[in-house]
Amino acid sequence: MAKVAPGGYNTYIPNTDATNHMVVEFSRNPQEFRMAEYSQYVPVDKNIGQYIEMNVEEAGRVMDDDGSDHYWADGAQRPSNAGRTEDFEFLLYRTRRREHGFNIGQEAADQAEWQVLAQNSRIQVQQAMTQRTTRAVSVMHTVAGYASGHSETAVTNITGVTGYLDVSTVTRSDIKRTFDFMADTIRQATLGAVKPSQLMVVVGPEWARKIAVCQEIRDYLQQMVKSDTYVTGNLGPHLNYGLPESLYDYKIVVEDAVKVTNKKGGTKATSYVWPGDKIVMCSRIGELVGTEGPSFSSFSTFLKEELSIEEKHDKDNRRHMGSVVDNEVTVHTSPLSSFIVTDTLT
């Protein structure tokens, strides 16, 4: 480099002191991922185990309005009641352990202007949560996992719905008709055990944005008692991309996790984990952390080990080794309490 005269920009070695060691990063807090809102976490002791899926029929079986098939006349032999027990099935879950790690040289860590080890741990935690969400969404979008009659390939196949949801009007009310149809199907299938107030609709950002500006929803929002909070944007921790937290009394969850799909060094390619036109109605009954007992939660995430953060100083190779370990699986545990529509937008 050629020699120069002293000046305002060349008499010191640039570093991060002037910005108070500011670091620009976009790591997302694991607690901000929305997966826990629609999938119940179930801690387990073993990597592999079973859960019971009941048939959910016998408790509501009424063959005759007057109950004649249960009549027991005086002096007659008691009815045998053979074949009146509920059917069930043992189903298997199997967790898989995954490791998200990084290596940083000792000199790089010792001389870094920021907490490089802690930062990379946060990055790997976010990567683990993004992959966990991606796997869960894949399970939710597998139509074969739903009960018979609990899926539609197009919203226009639903009785009373006349067109795609993002062009619905107040007169058509196709969004409300769709939600109510899905909820009614679930309520009948679960013999009323799952109520509309316990259901939510999980959608993606594209769906939320398009629905938020359609005429049916614009009119709906104008009629809301607390429409002023919507206008001011004071809707709580999640703005739902223009939708309220609840729509027609159904909770709306916008799954907005983002994934990077290119290899490192390639042209950056990002996309939302949740495809645009699919919607899923499901239940997550009970607390965030469930048990291995009976449940009407549509999706359960069995957790053997959750986001264990480890760090090791490898003295022999003079490097720091970081690791985030996740051992889990998401299962469609209650197909009767869920419904999917795969084509809802224009």
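Treat the numbers as computed from the prediction; the structure is a model and nothing was measured. (Residues numbered from 1 in each chain as written. Predicted model: local features only at pLDDT ≥ 70, side-chain atom pairs only at ≥ 80, totals over all residues. Heavy atoms only, no water.)

As for the environment of A118
Locating A118 in the fold gives a position in helix α3 (residues 116-140). When its relative accessible area of 32% is taken as the criterion, A118 is described as partly exposed. When the C-alpha atoms of A118 and E311 are compared, they prove to be 9.8 Å apart, with 193 residues separating the residues in sequence. (Helix = DSSP H or I, 4+ residues; strand = E, 2+ residues; numbered from the N terminus. Buried < 20%, exposed > 50% of the residue type's maximum accessible area, 1.4 Å probe, protein only.)

Regarding helix α4 (residues 174-189)
Helix length check: α4 (16 residues) gives 22 Å between terminal C-alpha atoms against 22 Å at 1.5 Å per residue, within 8%. Taken together, the buried positions of α4 are occupied by D174, I175, T178, F179, M182, A183, T185, I186 and A189. End-on, the buried residues of α4 take up no more than an arc of 170 degrees, which puts them together on one face. Remark: L191 follows α4 within two positions and exhibits a positive phi of approximately 55 degrees. (Expected span 1.5 Å × (residues − 1). Arc of directions from axis to C-beta.)

With respect to the sheet that holds strand β13 (residues 319-331)
The strands that make up a sheet pair up through hydrogen bonds in the backbone, lying either parallel or antiparallel. Within the open sheet, the 4 strands sit side by side as β1-β12-β13-β4. Their pairing is mixed. Two strands bound the open sheet, and with one partner strand each, they are β1 (40-43) and β4 (96-105). Across the sheet, the axes of successive neighbouring strands diverge by a mean angle of 30 degrees, strand direction being ignored. Bridge analysis of β1 against strand β12 (residues 300-314) gives 4 bridges, and the strand direction is parallel. Across the sheet, the residue bridging to P43 is L303, located in β12. (Pairing = 2+ DSSP bridges. Axes fitted to C-alpha atoms, helices over the stretch in contact; angles between N-to-C directions.)

Topic: the nonpolar core
I175, F179, W207, I211, I217, I279 and M281 are the most contacted members of the largest nonpolar core, which has 31 residues in total. Breaking this core down by element, the ones donating at least two residues are α4, β6 (199-203), α5 (205-212), α6 (215-222), β8 (250-254), β11 (279-283) and β14 (339-341). Looking at this core element by element, the count peaks at 5 residues for α4. Among residues more than four places away in sequence, those in contact with I211 are L165, D166, I175, I217, L243 and L345. Of all hydrophobic cores here, the second largest spans 25 residues; its members include M140, M200, V280 and C282. (Core = buried A, V, L, I, M, F, W, Y, C linked by side-chain atoms within 4.5 Å. Contact = heavy atoms within 4.5 Å.)

A few points about the sheet that holds β11
An order of β5-β14-β11-β6-β8-β7 is seen for the 6 strands of this open sheet, with the pairing classed as mixed. Edge positions in the open sheet fall to β5 (151-152) and β7 (246-247), since each of these has one partner strand only. Sitting on the sheet, α5 touches β6, β8 and β11, and the angle it makes with β6 is about 100 degrees.

Purely geometric numbers; function is a separate question.
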